[in-house]
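Fold and geometry: a report
Okay, here's what each chain looks like letter by letter:
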Amino acid sequence: MFRRFSVNFAIFSMVLDALLVAAALALATHLRPALNQLSFAQQVNPDVRTPLPVYPIFMALWVVVLLVVSVYDGRKNLRVVNELTSLTFGIALAAIASAGVLYLSYRDVSRLLFITFVLLAFVFLASWRLMVRLAWRRRNLQPSRRRVLIVGAGKVGQRICEQITQHGHLGLEFVGFLDDERNLDEVIGYLDEARTLVTEHRVDDVVIALPGWAYERVNHLVAELHDVAVKVWVIPDYFSITLHRATVDEFAGIPMLDLRAPALSDYKRMLKRVFDLVLCILALPVALPLMGVIALAIRLDSPGPVLFRQQRVGENGRLFEMYKFRSMVMDAEERREQVEQMDAHGNIIHKRINDPRITRVGALLRRTSLDELPQIVNVLKGEMSLVGPRPELPYLVEKYEPWQRKRFAVPQGITGWWQINGRSDRPMHLHTEDDLYYVQNYSIALDLLIILRTFWAVLRGQGAY
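Residues numbered from 1 in each chain as written. Predicted model: local features only at pLDDT ≥ 70, side-chain atom pairs only at ≥ 80, totals over all residues. Heavy atoms only, no water.

Moving on, we get to helix α9 (residues 360-368). Residues spaced three or four apart along an α-helix face the same direction, because each turn holds 3.6 residues. Regarding α9, the residues found buried are V361, G362, L365 and R366. The buried residues of α9 occupy one face: seen down the axis, they fall within an arc of 130°. Buried positions along α9 lie against α8 (266-301) and β9 (319-325). N-cap assignment for α9: the residue whose side-chain oxygen lies 2.9 Å from the backbone N of G362 is T359. Once α9 ends, the next one or two residues include S369, with phi positive near 65°. (Buried < 20%, exposed > 50% of the residue type's maximum accessible area, 1.4 Å probe, protein only. Helix = DSSP H or I, 4+ residues; strand = E, 2+ residues; numbered from the N terminus. Arc of directions from axis to C-beta. Contact = heavy atoms within 4.5 Å. Polar contact = N/O pair within 3.5 Å; in protein donor to acceptor, adjacent residues only side chain to side chain.)

Printed below as a string of structure tokens:
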């Protein structure tokens, strides 16, 4: 989702900054001959040119420096003064690094041209950030406001409500209080109604602000919301009830424990998103013609749509529509009970060899895993990643034990640790430990290893049906 504090917005900022750095360098080069009139300026040729290799070097260098000094971390730059301070410090470091590059390579670049470039780059990079802040504040253009439900209408809860109301630019919207004492107009229900009200009011964040004597209710409340796609926050120094891990963070300017803290830090998440986008874009020239051929083959083989759309459970339990090439007959879902079986422990097995619902082209697509190609669209939309636990069917997730839900702490993927260690031979809902291994050991290197081993698993065709 494209929000100010989202990974997608950070990537957009990096790309825009790189383009603006190039624009500043080009404009400075164009303006340099006009600066010959200055008394201290060294005379340069009217057709002065900046060497072309300098452009990509500066673009990459500036973005990397700004990334290192956390300019793209929205949480650390909540206030405009913090963002401008980080940006100024980052630009100063980037300018020093750029000067070093020129000293070691293109020493004939005009020093006045370089100073002009740095000043223009600062103006460009600061201006677009200020314009975005102004647009969001004046026109309320924040695409997705987070709806907040506060559990506890006491002094702490009311203080949080005041913070949310006073800082509307944060993108937070107060829904109401839950409290067993209905002594305020803003109290919309009792604690026992939490699950129902969270769903009815489309709540994104639940903040637990109960007094100490009432915290015996927290275990029950958190357990009740364990399968609802909301973040759960609590005032520190009480409990550490968590889906994957708990971290201290700021919410509306108040330190709290995030009980749904993601397994990936913002930095790791950004690297993973960039990794996904780069590989997908590189794969598109090959993937698009192949997808066209597959679509034609499906059309000629059997009646029905080319794509199969199915609701799946994504990161943090959020539902989304996953795309695949249709590999079964039209009424496959209605005939699902014909192929589902129970193992000795009562677990559902919903895949089997020689499934009568699979079409001729579908059998080839499944054996080669080409039916998964349309999920590149899900990756580009940010709903999935190239590597991660497979998104599961909602009706199977309903049967999960609480510990199994930890697999949703990271973005769900097209391929993952489970696929390269068995694929359909080992139903994923019965081997959650493979997904938890990935969650606990995530790295870009592991993603690369899984992608390479996926090609080998596909070539062998083992467990694919």
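For the protein, mean pLDDT is 82; residues scoring 70 or higher make up 81% of the total. Here strand β11 (residues 348-349) stands out as the element of the protein with the lowest mean pLDDT, 57, in contrast to helix α10 (residues 375-380), whose mean of 95 is the highest. Counting interchain partners and residues more than four positions distant, the pLDDT-below-50 stretch residues 237-241 has 15 contacts. (pLDDT = per-residue confidence, 0-100.)

This next bit is on the packing of aromatic side chains. A complete count under the given rule lists eleven aromatic pairs for this structure. The interplanar angle of 25° and the centroid separation of 6.0 Å between the aromatic rings of Y400 and F408 together place this pair among those described as stacked. An identical accessibility class is assigned to Y400 and F408; each is buried. Taken together, the ring pairs in this structure connect F58, W62, F114 and F117 into an aromatic cluster. The ring of W417 carries the charged tip of R453 above its face, separated from the ring centre by 5.6 Å. (Phe/Tyr/Trp six-rings, centres within 6.5 Å; stacked < 30°, edge-to-face > 60°. Lys NZ or Arg CZ within 6 Å of the ring centre and 35° of its normal.)

Here we take up the side chain of R146. As for its placement among the helices and strands, R146 is situated in strand β1 (residues 146-151). Classification of R146 as buried rests on a relative accessible area of 19%. Within polar-contact distance, the side chain of R146 engages the side chain of D205 at 2.6 Å.

Take the pairing of β1 next. Among the six residues in β1, six count as buried, and that is most of the element. Burial of β1 is two-sided: the residues R146, V148 and I150 facing one way and the residues R147, L149 and V151 facing the other way are all buried. Across six bridges, β1 lies against strand β2 (residues 172-178) in parallel orientation. Each residue of the ladder has a partner; that of V151, found in β2, is L178. Pairing between β1 and strand β4 (residues 205-208): four bridges, direction parallel. Directly across from V151, in β4, lies its bridge partner I208. (Pairing = 2+ DSSP bridges.)

This paragraph deals with the side chain of S13. Looking at the secondary structure, you find S13 in helix α1 (residues 7-31). Looking at S13, the relative accessible area reads 4%, which means it is buried. Leaving out residues up to four positions away in the same chain, S13 has contacts with Y72 and W128.

Of the two faces of β4, the one holding D205 and V207 and the one holding V206 and I208 are both buried throughout. The sheet contact formed by β4 and strand β5 (residues 231-234) spans four bridges and is parallel. Note on β5: the bridge partner recorded for I208 is V234.

Our next topic: the pattern of salt bridges. Under the defined criterion, the tally for this structure stands at 14 salt bridges. A salt bridge links D371 to K324; the nearest nitrogen and oxygen atoms lie 3.5 Å apart. In this pair, D371 sits in the loop between α9 and α10 while K324 sits in strand β9, placing the two residues 47 residues apart along the sequence. For the residue pair D371 and K324, the accessibility class agrees, reading buried in each case. Here the salt bridges do not stand alone but share partners, grouping D17, E83, R129 and R133 into one network. (Salt bridge = Lys/Arg side-chain N within 4 Å of Asp/Glu carboxyl O.)

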